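Structural overview for review
One-letter residues, chain by chain:
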Protein chains: 2
Amino acid sequence: MNKLQYTRENLADTLRRHGINPTHQRIEIAHALFSRQAHLSADQVMAIVNEKHSETSKATVYNTLNLFRQKKLVREVIVDPSKVFYDPNMEPHYHIYNLESGELTDIDASSVRISGLPQLPGGVVAEGMDVVIRVRPESDNNS
Amino acid sequence: MNKLQYTRENLADTLRRHGINPTHQRIEIAHALFSRQAHLSADQVMAIVNEKHSETSKATVYNTLNLFRQKKLVREVIVDPSKVFYDPNMEPHYHIYNLESGELTDIDASSVRISGLPQLPGGVVAEGMDVVIRVRPESDNNS
DNA sequence: GATGAAAATTAGACAGAGTCCAATTCCTAC
DNA sequence: GTAGGAATTGGACTCTGTCTAATTTTCATC
Ligand SMILES: [Mn+2]
Ligand SMILES: [Mn+2]
Ligand SMILES: [Zn+2]
Ligand SMILES: [Zn+2]
């Protein structure tokens, strides 16, 4: 499925293919997301990118993640009311969200069949569908 | 479907049935949500409850909405990264979210059929499933 | 009706995510 | 190497939501 290594060179090409000028900061942010194939918050991206030596500002992290989203290089996952997650997996897929741990897991969409959705109201076009299964550890009476 | 009027008296009974002590503030907050049958943010609830004369603090609005959620009187809808919506409709249903206007519309779940979802990982139990169709006005190249 | 304890409410300080802006730095084309 | 547009930066700012200690309300018991 993932044919190529996430080297800086390959990532720069990917950025160019998405119409994004591949700067040093942008490549590092892309590397953080793609090499891990994980759902990361802006804060987590910031920490990863600056762990060796500080080199990318908060403003740039937010600017870049929004740019990536606009250019459809990553998608946003809105499940935690306190922060957005960024997902480098653009294949159609759904999520399991553990309310206790905050852990976010992918569900492959190819096996899932959804039918009976109504017509959309006029004048709008669907941009995507999010499916989130909220789960809790067994026998947990809280929150 | 909604057999009874949302009078303060009936709402007080509903609160009691959910194990919630029906105080003046809690009844007003319930009334804001149920009489409108709308998806409201904490801020909107606050504005409605205080529009005649200020009588409910921000802390109480947040406390009460969280209490209602715990007691399963309302549900949270997480679609806007900047705020949570509270939904008095506890019937299984899904949502259409207009990314441009922020408008949130219900989709009746009874006609929707979802199959092929994988087994949940062990040790967790599903608390619910959220389905959100993100839409945009036709021919809108932005955001 | 007074008394006291538990429950609820409150103002305002606080925290964290995300945005904005003006100043600086970086790239690229000449 | 110069000019100009693009990108980055620190830090102030906004907004949603939480926390806390003080006050008010509720309610059972005398
Ligand atoms: Mn570096
Ligand atoms: Mn009133
Ligand atoms: Zn994912
Ligand atoms: Zn709804």
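The following refers to the structure shown. (Residues numbered from 1 in each chain as written. Chains lettered and ligands numbered in written order. Predicted model: local features only at pLDDT ≥ 70, side-chain atom pairs only at ≥ 80, totals over all residues. Heavy atoms only, no water.)

**Observations concerning the packing of helix α2 (residues 24-36) of chain A against helix α3 (residues 42-49) of chain A**
All names here are of chain A. The line we're drawing: For every element, the axis is a line fit to its C-alpha atoms; helices are fit only across the contacting stretch, and the angle between N-to-C directions ranges from 0 to 180 degrees. Strands here mean DSSP runs of E at least two residues long; helices mean DSSP runs of H or I at least four residues long; both are numbered from the N terminus. To sort the angles, those under 35 degrees are grouped as roughly parallel, those over 145 as roughly antiparallel, those from 65 to 115 as roughly perpendicular, and the leftovers as oblique. Contacts: residue pairs with any heavy atoms within 4.5 Å of one another. The residue classification treats Ala, Val, Leu, Ile, Met, Phe, Trp, Tyr, Cys and Pro as nonpolar and Asp, Glu, Lys and Arg as charged. All others, Gly included, are polar.
The geometry of α2 relative to α3 is characterised by a closest axis approach of 9 Å and an angle of 105° between their N-to-C directions. One way to sum up the angle between α2 and α3 is to call them roughly perpendicular. Together, Glu 28, Ile 29, Ala 32, Leu 33 and Arg 36 of α2 and Val 45, Ile 48 and Val 49 of α3 make up the contact between the two elements. Looking at the contact of α2 with α3 residue by residue, the class counts come to 6 nonpolar, no polar and 2 charged.

**Some details on the interface of chain B and chain A**
Note the threshold: Note on terms: buried area is the combined drop in 1.4 Å-probe accessible area of two parts once they are placed together, counting the loss on both. Throughout this description, the term salt bridge denotes a Lys or Arg side-chain nitrogen within 4 Å of a carboxyl oxygen of Asp or Glu. Any pair of N or O atoms that falls within 3.5 Å is considered a polar contact. Within protein, one atom must be able to donate a hydrogen and the other to accept it, and sequence-neighbouring residues count only if both atoms are side-chain atoms. We call two strands paired when DSSP finds no fewer than two bridges between them.
On the chain A side, the residues contacting the 38 residues of chain B number 38 residues. Carbon and sulfur atoms make up 57% of the area that chain B and chain A hide from each other, which totals about 3400 Å². At the junction of chain B and chain A, the tally comes to 4 salt bridges. One salt bridge in this structure joins Arg 134 of chain B and Asp 130 of chain A, with 2.8 Å as the shortest N-O distance. Counting every contact that joins chain B to chain A gives 16 residue pairs in polar contact (both at pLDDT 80 or more). Among the elements that take part in the side of chain B that touches chain A, strand β7 (residues 124-137) of chain B stands out by supplying 14 residues, more than any other. Classifying every residue of the side of chain B that touches chain A by side-chain character gives 22 nonpolar, 8 polar and 8 charged. Note: strand β7 (residues 124-137) of chain A against β7 of chain B, 13 bridges, orientation antiparallel.

**Examining the pattern of salt bridges**
For side chains bearing opposite charge, pairing can occur when the charged atoms are close. Residue and element names in this part refer to chain A. The line we're drawing: The rule is simple: take the accessible area with a 1.4 Å probe, protein chains only, and divide by the maximum for that residue type; under 20% is buried, over 50% is exposed, in between is partly exposed.
All told, the structure shown has 12 salt bridges over all chains when counted by the stated rule. The salt bridge involving Arg 69 is made with Glu 76; its shortest N-O contact spans 3.0 Å. The partner of Glu 100 in a salt bridge is Arg 136, with the nearest N and O atoms 3.6 Å apart. Taken together, the residues span a long stretch of sequence, with Glu 100 in the loop between β4 (93-98) and β5 (104-108) and Arg 136 in strand β7 at a distance of 36 residues. Overall, Glu 100 belongs to the partly exposed group, its relative accessible area being 44%.

**Here we look at the protein's contact with DNA strand D**
Using the following cut-off: If a single non-hydrogen atom of a residue is within 4 Å of a molecule or strand, that residue counts as near it.
Thr 23, Gln 25, Glu 55, Ser 57 and Thr 60 of chain A are the nearest of the 18 residues found near DNA strand D. Within 4 Å of the protein, the atoms of DNA strand D are drawn from sugar and phosphate moieties in a proportion of 71%. One nitrogen or oxygen atom from the side chain of Arg 26 of chain A is found 3.2 Å from a phosphate oxygen belonging to DNA strand D. Within the backbone of Glu 55 of chain A, a nitrogen or oxygen atom sits 2.7 Å from a phosphate oxygen of DNA strand D. At the level of secondary structure, the elements contributing two or more residues to the surface near DNA strand D comprise α2 and α4 (58-70) of chain A together with α4 (58-70) and β3 (83-87) of chain B. The element contributing the most residues to the surface near DNA strand D is α4 of chain B, with 4 residues.

**Here we look at the protein's contact with DNA strand C**
The full set close to DNA strand C counts 19 residues, and Lys 58 of chain A together with Thr 23, Gln 25, Glu 55 and Thr 60 of chain B are the nearest of them. Taking the atoms of DNA strand C that fall within 4 Å of the protein, sugar and phosphate contribute 72% of them. Here a phosphate oxygen of DNA strand C sits 3.0 Å away from a polar atom, N or O, in the side chain of Tyr 62 of chain A. Put simply, the parts of the chain that give the surface near DNA strand C at least two residues each are α3, α4 and β3 (83-87) of chain A together with α2 (24-36) and α4 of chain B. When residues in the surface near DNA strand C are grouped by element, the largest group, 4 residues, is from α4 of chain A. Considering only residue class, the surface near DNA strand C consists of 5 nonpolar, 8 polar and 6 charged.

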